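Survey of secondary and tertiary structure
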Amino acid sequence: MAYEEEQARKRRVVVDTPTARREVVQTEAYRAPERDGGVSGTMIAVIVVGAIALATVIILFALNQQQQDTANANVADQPPQTIIQQPAQQPPPVIIQQPAPAGQAPVIINQPAPASGGSTTDDSAIQAAIDKKLNDDPALSSLGVVVTFANGKATITGTVKTEAQKAQVQRAVWSVKGVKSIDNHIVVG
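Structure report, in brief. (Residues numbered from 1 in each chain as written. Predicted model: local features only at pLDDT ≥ 70, side-chain atom pairs only at ≥ 80, totals over all residues. Heavy atoms only, no water.)

1. What to know about the sheet that holds strand 6 (residues 153-160)
Filter applied, for reference: A pair of strands is treated as paired once DSSP finds two or more bridges between them. By the criteria applied, helices consist of DSSP H or I runs no shorter than four residues and strands consist of E runs no shorter than two, each listed in order from the N terminus. Axes here mean lines fitted to C-alpha atoms, for a helix over just the part in contact, with angles spanning 0 to 180 degrees between N-to-C directions. Two residues qualify as a contact provided that any one of their heavy atoms is within 4.5 Å of a heavy atom in the partner residue.
Ordered in space as 5-6-7, the three strands form an open sheet in which the pairing is mixed. Of all the strands in the sheet, the pair left with one neighbour each is strand 5 (146-150) and strand 7 (181-188). Taking each pair of neighbouring strands and ignoring which way they run, the sheet shows an average axis angle of 10°. Sheet topology places strand 5 next to strand 6; five bridges connect them, and they run antiparallel. By the bridge assignment, alanine 150 is partnered in strand 6 with lysine 153. Sitting on the sheet, helix 4 (residues 163-174) touches strand 5, strand 6 and strand 7, and the angle it makes with strand 7 is about 160°.

Next up, the structure:
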């Protein structure tokens, strides 16, 4: 049984009546409600919520582990797969005809390359033509401008002193046959 606090208060009160006057001692006692030495209701609610959360985490962990085990078992049951990687584009083979009867030279046949938007042979020829055009002009060769060419597009980079030099380089690149567009990144400074 819990300890109950009890407080007593004594008071002296004077009571006047029509016939006499007397002093009365009043005693009041009050008890404080019994205190629980244990856990409060809020604390119990927090413990219950924590226990539910912990149980949920444990259950989810167990389910996840079970799914991983099932997935690993499925992968282990499958036969290994062979992946065949195709080689990169190779040059066409050269076919040499067997020697012909005496007096005839052998015939060499090269298969034509597959048609694409622009071949690297054409790009390298146009790049060489652009470089030649810039190197043959003494005013342009001293500027140190670099031009790269791919798929019909010329990209110009470098630094020149005037806008006129920038325009002159661009005109020279445009004059090369095969240039379809120019991306001019020349800085004037």
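Here the narrative resumes, following the displayed structure.
2. Examining a nonpolar patch on the surface
To be explicit about the condition: To count toward a patch, a residue needs a relative accessible area over 30% and no salt bridge; like charges are then connected within 9 Å, while nonpolar side chains (Val, Leu, Ile, Met, Phe, Trp, Tyr) are connected within 5 Å. Areas reported here follow the Shrake-Rupley algorithm with a probe of radius 1.4 Å; residue values treat only the protein chains shown as occluding. Think of a salt bridge as a Lys or Arg side-chain nitrogen and an Asp or Glu carboxyl oxygen that are within 4 Å of each other. Buried, partly exposed and exposed residues are distinguished by accessible area as a fraction of the type maximum, computed with a 1.4 Å probe on protein chains only: under 20%, between the cut-offs, and over 50%, respectively.
A cluster of nonpolar residues, Met43, Val46 and Ile47, forms a patch on the protein surface that exposes about 290 Å² of accessible area. One can find methionine 43 in helix 1 (residues 41-77). Take methionine 43: its relative accessible area is 44%, and that puts it in the partly exposed class.

3. Side note on the pattern of salt bridges
Counted under the stated rule, the structure contains five salt bridges. Two residues, glutamate 28 and arginine 11, come together in a salt bridge whose shortest N-O distance is 2.5 Å. Highlighted residues: glutamate 28 in strand 2 (residues 21-31) and arginine 11 in strand 1 (residues 6-16), separated in sequence by 17 residues. On the accessibility criterion, glutamate 28 (30% relative accessible area) is partly exposed. Its relative accessible area of 39% is what places arginine 11 among the partly exposed residues. A salt bridge links lysine 132 to aspartate 136; the nearest nitrogen and oxygen atoms lie 2.8 Å apart. Taken together, the positions of lysine 132 and aspartate 136, both in helix 2 (residues 120-136) and four residues apart, correspond to about one turn of that helix.

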